[in-house]
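Residue-level structure breakdown
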Amino acid sequence: MVDVQGTVADGFEPVRDAFVDNFARRGERGAAVAVYREGHKVVDLWGGTKDVEGGADGAGGDGANGAGGEPWGKDTAQVVRSVTKGIAAAVPLLLHQRGQLDLDGRVGTYWPEFKANGKERVLVRHLLSHRAGVPVLDTPLAPVQAIDGFHGPRAVAAQRPVWEPGTAHGYHAQTYSWLIGELVRRVTGRTIGRWIAEEIARPLGLDLWLGLPPEQRGRVGRIGPVEAPPAPASQGPRLRPKRSVTEAYQNPDSLTRRAFGAISPLPDENDPAYLEAELPASGGVATADALARFYAALIGPLPSAGPLRSGGRLFAPATLTLARTEESAGPDEVLVVGTRFGLGYMLHGPASPLLGPGSFGHPGRGGSLAFADPDSGVAFGYVTNGMQRGVTADPRAQALVRALRAALK
């Protein structure tokens, strides 16, 4: 049995039960979950081992970070993969809120080189809603090129769109890093990681980084792939992905494979150089509490949040509306399922179930999830070091969301 630590407020015990059950039945290794309601923390749980290779029972080797079987602690942070996209999306929205960026302006106005090869009419909102038509690179980047701050922006600026920008949507799995990161740099003169640190993380007191400082490296556990255990026979046969989805991930020429393979070979996400890079598509490092607190600050003021604009909250009401108003919906050219996006955020739907129809946030491939639900005043953050195969609807995260939904009834 895993020793789960932390607290839950009265009425939120179902979330703790689901979290414990994830270790018992769903292959969890090390994880944490946090929930805020109306700016106050109501769930703060963690358990398992800091190193995925340690196993849920605490046994295991030393690992490159020296974690081994070390228990997951209250301050343990993890790479959160595409959950990072939701954090990064707040930057252009806040720049718009401050009058520094026009969401309906052309990207080439801020970044002239981007106009090459038929991208003259790409709008800023197209980048945020995955409609820009550049989810792939004709020549993938090596990991060292992907993180150097130069080759990525140059590659997406030169890339020819694979569909007419604005006419369709498809998940920009990796290229989102260089599209959003370079836009922010052109507008502000700061890297996006520095902007997040100075304007969001420090004022809110968040253990959240896009560009991990070397002195924080010891807090970060190792992530790695794990196989989900088979479902109990009592639950019936496990649903299999549609044939079209399976074929898309198997076909090396598909937009799916090319989008996820824009960095080739895949980077080592435990490499200190990767952790210190600023990849807003996938490279963020955070605790579950930091993710939940971040989303809580998007939708309402936090007690003792420090000097924030907009009356103690990050998003003004109009900006919050922009974040969760549908911009893209229907068949996704990359994920080959129906997806819904606002400006920078996934919206509640069958492909990525959140708490309710008004929820917005972002999952991370393999497990992690963070979102806010303004209708209930809830913000949620879940991080894990055991990367399972799902892209948008991890069974462990979904079990926690179902339990949270039950607790709110």
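To start, this report covers the structure provided alongside it. (Residues numbered from 1 in each chain as written. Predicted model: local features only at pLDDT ≥ 70, side-chain atom pairs only at ≥ 80, totals over all residues. Heavy atoms only, no water.)

**So, the overall build of the protein**
- Tallying secondary structure elements over the protein gives 15 helices and 14 strands in all.
- The C-alpha atoms of the protein give 20 Å as radius of gyration, which agrees with the globular expectation for 409 residues (22 Å, within 12%).
- Residue burial in the protein is summarised as follows: out of 409 residues, 57% are buried.
- As displayed, the protein has an accessible area near 16100 Å², and 50% of this comes from carbon and sulfur atoms. (Helix = DSSP H or I, 4+ residues; strand = E, 2+ residues; numbered from the N terminus. Rg over C-alpha atoms; globule rule 2.2 N^0.38 Å. Buried < 20%, exposed > 50% of the residue type's maximum accessible area, 1.4 Å probe, protein only. Areas by Shrake-Rupley, 256 points an atom, 1.4 Å probe, with all protein chains shown as cover.)

**Regarding the packing of helix H2 (residues 83–97) against helix H14 (residues 317–324)**
- Where H2 contacts H14, the two axes come as close as 10 Å, and the packing angle between them is 140 degrees. Classified by the angle their axes make, H2 and H14 are oblique. Like other packed secondary-structure pairs, H2 and H14 cross with a definite hand, here right-handed. Every residue of H14 that contacts H2 at Leu-93, His-96 and Gln-97 is listed here: Thr-319, Leu-322 and Ala-323. (Axes fitted to C-alpha atoms, helices over the stretch in contact; angles between N-to-C directions. Parallel < 35°, antiparallel > 145°, perpendicular 65-115°, else oblique. Left-handed = near helix turned anticlockwise from the far one by under 90°. Contact = heavy atoms within 4.5 Å.)

**Notes on the nonpolar core**
- Of all hydrophobic cores here, the largest spans 77 residues; its most connected members are Ile-200, Phe-294, Leu-298, Phe-315, Tyr-345 and Phe-360.
- The biggest single contributor to this core is helix H12 (residues 288–299), with 10 residues.
- Val-2, Val-42, Leu-400 and Leu-404 belong to the second-largest nonpolar core, a separate cluster that totals 26 residues. (Core = buried A, V, L, I, M, F, W, Y, C linked by side-chain atoms within 4.5 Å.)

**Points about unusual backbone geometry**
- With an omega of 0 degrees, the peptide bond running from Ser-264 to Pro-265 counts as cis.
- Mapped onto the elements, Pro-265 comes out in the loop between helix H10 (255–260) and helix H11 (272–276).
- Not every positive phi belongs to a glycine, and Glu-38 is a case in point at roughly 50 degrees.
- Residue placement: Glu-38 occurs in the loop between strand E2 (30–37) and strand E3 (40–48).
- Looking at Glu-38, the relative accessible area reads 56%, which means it is exposed.
- Phi at His-130 is positive, roughly 60 degrees, even though this residue is not glycine.
- Following the sequence through the fold, His-130 ends up in the loop between helix H4 (124–128) and helix H5 (143–146).

**Brief notes about the packing of H2 against H12**
- Contact pair H2 / H12: the axes reach a minimum separation of 12 Å and the direction vectors enclose 35 degrees. The hand of the H2/H12 crossing is left-handed. Contacts from Val-83, Gly-86, Ile-87 and Ala-90 of H2 reach H12 at Leu-291, Phe-294, Tyr-295 and Leu-298.
- Classifying every residue of the contact of H2 with H12 by side-chain character gives seven nonpolar, one polar and no charged. (Nonpolar A, V, L, I, M, F, W, Y, C, P; charged D, E, K, R; others polar.)

**Side note on the sheet that holds strand E4 (residues 78–79)**
- As summarised here, the arrangement of the three strands in space is E4-E7-E5, forming an open sheet in which the pairing is antiparallel. Of all the strands in the sheet, the pair left with one neighbour each is E4 and strand E5 (208–209). (Pairing = 2+ DSSP bridges.)

**Digging into the pairing of strand E9 (residues 338–341)**
- Across the two faces of E9 the burial differs, with Thr-339 and Phe-341 buried and Gly-338 and Arg-340 not buried at all.
- Strand direction decides the pairing type here: strand E8 (residues 328–331) and E9, joined by four bridges, are antiparallel. The residue of E9 that forms the bridge with Gly-330 is Thr-339.

Geometric descriptors of this kind do not, in isolation, establish any biological role.
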